[in-house]
Amino acid sequence: VVLGGGTAGLVAAAGAAGLGARVALVERHLLGGDCLVTGCVPSKALIRSARAAASARKAGALGVRTGEVEVDFPAVMERMRALRAQIARHDSAARFRDLGVDVFLGEGRFASPTTLEVGGQTLRFSRAVIATGARAALPPIPGLAEAGVLTHQTLFSLETLPPRLAVIGGGPIGAEMAQAFARFGSRVTLLEAGPRLMAADDPSASAAVLDALRSDGVDVRLDTRVEAVGTAGDLRTVELGGGETLEVDQVLLAAGRAPNVEGIGLEAAGVSFDLRAGVEVDERLRTTNRRVFAAGDVASRYQFTHAADFLSRTVLRNALFFGRARATDLVTPCATYT
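Residues numbered from 1 in each chain as written. Predicted model: local features only at pLDDT ≥ 70, side-chain atom pairs only at ≥ 80, totals over all residues. Heavy atoms only, no water.

J.: I tried to follow the pairing of strand 10 (residues 187-191) on my own but got confused; where do I start?
T.: A regular strand carries its side chains on alternate faces of the sheet. Counting buried residues in strand 10 gives four out of five residues, a clear majority hidden from the surface. For strand 9 (residues 164-168) and strand 10, the ladder comprises five bridges, and the chain directions are parallel. Paired with Arg164 across the two strands is Arg187, which belongs to strand 10. As judged from the three bridges shared by strand 10 and strand 11 (residues 219-221), these two strands associate in the parallel manner. By the bridge assignment for strand 11, Leu191 is matched with Arg221. Crossover strand 10 to strand 11 through helix 7 (residues 203-215) is right-handed. (Buried < 20%, exposed > 50% of the residue type's maximum accessible area, 1.4 Å probe, protein only. Helix = DSSP H or I, 4+ residues; strand = E, 2+ residues; numbered from the N terminus. Pairing = 2+ DSSP bridges. Right-handed = clockwise from strand over helix to strand, strands pointing away.)

J.: How do you make sense of the sheet that holds strand 14 (residues 245-248) when you look at a structure like this?
T.: Strands belonging to one sheet form pairs held by backbone hydrogen bonds; the direction of such a pair is parallel or antiparallel. If you trace the three strands from one edge of the open sheet to the other, you get 12-13-14, paired in antiparallel fashion. The sheet terminates laterally at strand 12 (226-232) and strand 14, the two strands that pair on one side only. Neighbour to neighbour, the strand axes of the sheet diverge by 20° on average, direction disregarded. Across six bridges, the pairing between strand 12 and strand 13 (residues 235-240) is antiparallel. By the bridge assignment, Ala232 is partnered in strand 13 with Leu235. (Axes fitted to C-alpha atoms, helices over the stretch in contact; angles between N-to-C directions.)

J.: Help me out: how do you make sense of a negative patch on the surface in this one?
T.: A surface patch of negative charge is lined by Glu68, Glu70, Asp72 and Glu78. Locating Glu68 in the fold gives a position in the loop between helix 3 (40-57) and helix 4 (73-88). (Patch = residues over 30% accessible without salt bridge, like charges linked within 9 Å, V, L, I, M, F, W, Y side chains within 5 Å. Areas by Shrake-Rupley, 256 points an atom, 1.4 Å probe, with all protein chains shown as cover. Salt bridge = Lys/Arg side-chain N within 4 Å of Asp/Glu carboxyl O. Lys, Arg positive; Asp, Glu negative; His and termini not counted. Charge placed at Lys NZ, Arg CZ, Asp CG, Glu CD.)

Right, here's the structure in full:
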């Protein structure tokens with residue numbers, strides 16, 4: 001049984017079925033996960049359009065006259081959704097059923113160390129993989145939950161370009177989307193509590209991105225604490241330390257991620273977990289239940305699509321063939337897109 005239909009779950013399910021195992025794949029929302037629906041695919045589609053707009057504006061320096069550049073934001077979003085739809089068929093329930101996987105769409109929950117329930121049915125397993133991923137973390141900022149802020153899970157549903165956008169968090173999502181929306185024409189303010197952007201990247205990379213964002217018109221505020229978020233009619237207010245209040249049309253929250261470990265019956269399965277660190281696994285990705293493994297964002301600090309892919313391959317070797325592959329042996333390249 002594979003719980004979760006993102007990259008880790010899809011790779012585990014397809015791989016196990018291809019090796020002759022009888023596989024059930026359980027997903028509560030959309031197959032494809034973050035990468036397809038709310039991550040790599042839509043964000044890079046927007047970045048490509050934003051880069052075209054920026055290149056057109058700078059073409060005069062190359063002797064190319066383009067006139068005034070106008071971004072048709074609804075058309076940008078329509079293109080993004082069309083690209084996403086083209087790719088979605090590769091992650092569809094129909095394709096996985098053709099691969100021999102039994103697909104269950106609904107809320108899955110462990111009922112015991114050897115069973116999982118979904119849609120009124122009980123699935124008994126000899127091995128299970130937890131691949132439930134992660135979601136946008138909600139920091140304890142007063143008013144944030146009630147203000148209707150955007151996250152990467154809702155950003156790509158926008159139909160109109162916000163004239164003023166505040167971005168909370170200067171990590172990869174915050175940096176890439178702040179730049180893209182500034183190039184689309186939004187007045188963007190990027191708020192980062194730490195002393196530099198992209199704290200997980202090299203300081204030289206942080207400095208280069210800071211210069212690039214500011215040259216694109218992003219108002220980057222480092223060492224800036226957000227004290228509260230509220231609403232004023234159709235607008236949002238962001239209260240900063242020092243008494244300043246920003247009034248914007250939308251707020252994008254990009255302040256980290258939280259593993260999806262609640263509500264899936266991990267206690268009943270005998271699987272140890274932490275609300276911040278996720279499912280506890282050893283170097284072979286086995287949980288405290290010897291029958292249950294975990295892969296992807298729910299169990300790894302390397303929250304990348306390619307990491308989820310290869311962690312799932314490690315699970316397959318160890319869960320189905322009593323292998324001794326170690327996740328710690330993986331060498332993981334990564335990049336931040338701006």
